[in-house]
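Inside the fold
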Amino acid sequence: MDISDIKTIEHDVIVLGAGGAGLRAAIECSMHGLSTGLVCKSLLGKAHTVMAEGGVAAALGNVDSRDNWKVHFRDTMRGGKFLNNWRMAELHAKEAPDRVRELEEWGAVFDRTKTGLINQRNFGGHRYPRLAHVGDRTGLEIIRTLQDHGIHQGIDVYMECTGLDLLKDGDRISGMVAMWRETGEFVIFKSKAVILATGGGGKAWKITSNSWEYTGDGYGMAYEAGAELMDMEFTQFHPTGMVWPPSVRGTLVTEGVRGEGGILVNSEGKRFMFDNIPDRFAPETADTEDETARWLEGDKEARRPPELLTRDVVARAIRKEVKAGRGSPHGGAFLDIASRRSAEDIQKKLPSMYHQFKVLAELDITEEPMEVGPTLHYFMGGVRVDSDSQMTCVPGLFAAGECAAGVHGANRLGGNSLSDLLVCGKLAGEGAVKYLESNKDEINLDENRAREIIRAATDILNRESGENPYLIHEDLQETMQSNVGIVRDDELLTLGISGIDKLWNKFKNVKADGASQFNPGWHQAIALRNLLITSEAVAKAARLRQESRGAHTRVDYEGERDEWLKVNVVIKKSPDGTMSVEKVERGSPDPELERIANLSIEELEEEVQREAGQP
Amino acid sequence: MSLRNFQIYRGDGTVGEMKSYQLEIEKGMVVLDVIHRIQAEQAGDLAVRWNCKAGKCGSCSVEINGKPKLSCMTRMNEYAEDETISIRPLKAFPIMRDLVADVSWNYEQNKRITPFKPDPSSKNESGDYVMMQEDIDRVQEFRKCIECYLCQNVCHVLRDHERKDAFVGPRFMIRLAGLEMHPLDMQDRIPDVKNSYGSGMCNITRCCTDVCPEHIQITDNGIIPMKERVVDRYYDPVMKLIGLIFRRK
């Protein structure tokens, strides 16, 4: 094959992925005059961000003026069980308000308070109403705003184009090989910087809120290019996915339902979250029905209902009820908003949930409770990056959003993903700008490597016979669902790892039928490599971490262990091609940040008020 | 469980045919599930676009028994058990392959629209924009649009008369309405609404409103007010007179 037959497109920077993080990064790059190419697997505006429902967390203080970046930071660290990268959590909390205001500057229309400011709602783990939102379609508002702003910035958008692998010139990045999904033709993007914004890898599980796009492409590509993955064991199971009918099992039910007062009950009608309040959160959580009722009416003295505990806690509690035989008919728990809010309120505040249940489950949520259960939702871990520049250990390679690790530690708070996208997307853009300023010399394309990448893809079509990609994927989903789920132990994880190993062998002989044009079987087969790297990384990191922290629960190692707070699990490809899984010391936190995170909420509120000049 | 018959378009823009498939249907399935099942079991290379599978992204638009719909939100129990279900790509746009249509024309239209520009004087002393909820309700209705292009697909101007050169279509009429009615925006797009985006082409048959999965009142709340603003500007005799007087001065 002659590589000169393949079209080469040159840009200063290539952004892979056009969700919130990718779009925000691309906007930043082009604002600074970089020639920017934005490559995405789907049509523009269809990325996962569009599905985000509840809101974007930012300490604007519009609804409760006591809010401040320090409280948002403290909430984020506590939610992440202190495994978050301290500096990233700080940047995130400090910059989120400006990123939200900037969206308004670009045309976003958030719901308003009575005085005409951006309204904010309650969400799990957030001390105050903090989530700027638009009903329950906040992600749509954000992606459309970024999209409509971005298209006038001179960004070149390459839609329905799959990134295959990265190219390097020596140690540093020199571009990427990709494939047009429509024609099956290959293309080489030549660029000194690549920003990965490819989201997570939820499609490795059977029950997930993620779409086909979430195949861990960024993880696989970064890993193959020599970058490191971190915290991969922390996979968030969102407590409330649909459980019925089977075809929509896993589809997200927004935490906004609980933010608006929705309660969880078991088949005996018991509000079981009262029995599941962890000690760390007990002083800040209501312990009677009466107190939660006062909270719902807006009493600022009342503590938050236990349904709004962090996602890891709620997901485990639901699982426990189901295991104990107190689940709903289809194996979940009941989520009831109908008895808490008027039908009119529900339709106004949660329109897409109303519509989703009405159409897909033939259930009216203003009259009946929903059935919900845990669904794989989000990767806290990901590509290991520098906190300020978002650059990996590979010069010129950046990552942002769900694809990167650090902000969320062991568990992410709802609403902190949309803010992460905006804050870290911008940081990655700035990082790329700075990198290009100090790397002006020419780069060369590694044609041999490009040829290898293309051959790996075409072999799948050219094989006489082989394994069905859909079946390998199904097997992988079964393996991850049964062995690398919410509750883990050494035996299960070892079983999972050997299952993944067998699938690696099958993958070597995967075969897709048909031609190269818009061939979903072929696309699935190509995505399998990234899914397998992602799955192997999650399972191996989970087996190494012998404690239970946040979203990672080990029945054989219960509770958080101090020695494990000191390390991250870091994964990279060894020179011999095997996966290296190691503990890496985290270093000591900035003393001021550590102080803020460890203050009691009363002490911190007093400090914030004092600083604001109030008695 | 019941065995059902399907006819699915296979081919590209030039050569193609309706092919027959049979599938066992389980309770609760939507049409997109059927397509996926056929893809996995019978036709590994059947091309279809989809993402969220919950009616939020607008990717899986097709024509089911002639009606433009989101396949992820169309339940199988809407159809009689003995009914053969036909699934085709959107008709108003070129076929790429199987059920996937080339909707790139829509992205070109969006790029033509003058972007949002806020009025800095709408900020309060703390630097926050102030907008009242009642003033943004109508804009938020248009911003519910998920860009499924079902409205574009049924618009007579685009579908039957193929006048994509003359009219941006309902999707972009409500995008324009959303910008024109945005309390902070200070651009004037009315001359373009008339001359360049072709508001006069729409003859208000409301087909677009009928197919909108977000139930946006495209015609009544979006297109008609835009047409009225054009009329007020260009065809109102009183305004015309005032215009003439001022010109004489």
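Overview of the structure. Not measured: the values here are computed from a predicted model.

**Observations regarding the overall build of chain A**
On a plain count of helices and strands, chain A comes out with 18 helices and 22 strands. The C-alpha radius of gyration of chain A comes to 23 Å, within 12% of the 25 Å expected for a compact globule of 615 residues. Over its C-alpha atoms, taken along the principal directions, chain A stretches across nearly 75 × 55 × 50 Å. Counting every position in chain A, which comprises 615 residues, the buried fraction comes to 67%. Contacts in chain A between residues at least 24 apart in sequence constitute 73% of all its contacts with a sequence separation of at least 6. Only carbon and sulfur atoms are counted for the fraction: they give 46% of the accessible area of chain A, which is about 20600 Å². Between the averaged position of the 75 positive side-chain charges in chain A and that of its 97 negative side-chain charges there is a distance of 1 Å.

**A look at the overall build of chain B**
A count of helices and strands for chain B gives 10 helices and seven strands. In terms of principal-axis extent, the alpha carbons of chain B reach across some 75 × 45 × 30 Å. Burial statistics for chain B: of 249 residues in total, 56% are counted as buried. Contacts in chain B between residues at least 24 apart in sequence constitute 60% of all its contacts with a sequence separation of at least 6. A total of about 11100 Å² of accessible surface is found on chain B, and carbon and sulfur atoms cover 49% of it.

**Overview of the interface of chain B and chain A**
Contact with chain B, which involves 60 residues of that partner, is made by 61 residues of chain A. Here chain B packs against chain A, burying approximately 4900 Å² in sum over the two surfaces, 53% of which is carbon and sulfur. Among the residues of chain B in contact with chain A, Lys-56, Tyr-107 and Arg-143 of chain B are the three that bury the most area, contributing 15% of the side total. Inspection of the region where chain B meets chain A yields nine salt bridges. Salt-bridge contacts for Arg-101 of chain A lead to Asp-128 of chain B; the nearest nitrogen and oxygen are separated by 3.2 Å. Applying the counting criterion to the chain B and chain A interface returns 40 residue pairs in polar contact (both at pLDDT 80 or more). Going through the elements one at a time, helix 1 (31-41), strand 6 (95-97), helix 2 (104-112), helix 3 (133-143) and helix 6 (170-180) of chain B are the ones with two or more residues in the side of chain B that touches chain A. The element best represented in the side of chain B that touches chain A is helix 3 of chain B, accounting for six residues. Partitioned by chemical class, the residues of the side of chain B that touches chain A number 30 nonpolar, 13 polar and 17 charged.

**A short note on the pairing of strand 22 (residues 579-585) of chain A**
Residue and element names in this part refer to chain A. As defined by bridge partners, strand 21 (residues 567-573) adjoins strand 22 across seven bridges and the pair is classed as antiparallel. Paired with Val-567 across the bridge in strand 22 is Glu-585. Counted between consecutive antiparallel strands, the loop separating strand 21 from strand 22 contains five residues, among which Gly-577 sits at a positive phi close to 90°.

**A word on the pairing of strand 2 (residues 16-25) of chain B**
Direction of pairing for strand 1 (residues 2-11) of chain B relative to strand 2 of chain B: antiparallel, over a ladder of 10 bridges. Along strand 2 of chain B, the bridge assignment pairs Leu-3 of chain B with Glu-24 of chain B.

**Quick look at the sheet that holds strand 22 of chain A**
Note on sheets: strands pair through backbone hydrogen bonds, and any given pair is parallel or antiparallel. All names here are of chain A. The strand order across the open sheet formed by four strands is 17-12-21-22, and the pairing between neighbours is antiparallel. The sheet terminates laterally at strand 17 (382-383) and strand 22, the two strands that pair on one side only. Note: strand 12 (residues 229-230) against strand 21, two bridges, orientation antiparallel. What sits directly across from Met-230, in strand 21, is Val-570. Along the sheet face, helix 15 (residues 520-544) touches strand 12, strand 21 and strand 22 and points at about 45° away from the line of strand 22.

Conventions and cut-offs
- Residues numbered from 1 in each chain as written.
- Chains lettered and ligands numbered in written order.
- Predicted model: local features only at pLDDT ≥ 70, side-chain atom pairs only at ≥ 80, totals over all residues.
- Heavy atoms only, no water.
- Helix = DSSP H or I, 4+ residues; strand = E, 2+ residues; numbered from the N terminus.
- Rg over C-alpha atoms; globule rule 2.2 N^0.38 Å.
- Buried < 20%, exposed > 50% of the residue type's maximum accessible area, 1.4 Å probe, protein only.
- Contact = heavy atoms within 4.5 Å.
- Areas by Shrake-Rupley, 256 points an atom, 1.4 Å probe, with all protein chains shown as cover.
- Lys, Arg positive; Asp, Glu negative; His and termini not counted.
- Charge placed at Lys NZ, Arg CZ, Asp CG, Glu CD.
- Buried area = accessible area lost by both parts, 1.4 Å probe.
- Salt bridge = Lys/Arg side-chain N within 4 Å of Asp/Glu carboxyl O.
- Polar contact = N/O pair within 3.5 Å; in protein donor to acceptor, adjacent residues only side chain to side chain.
- Nonpolar A, V, L, I, M, F, W, Y, C, P; charged D, E, K, R; others polar.
- Pairing = 2+ DSSP bridges.
- Axes fitted to C-alpha atoms, helices over the stretch in contact; angles between N-to-C directions.

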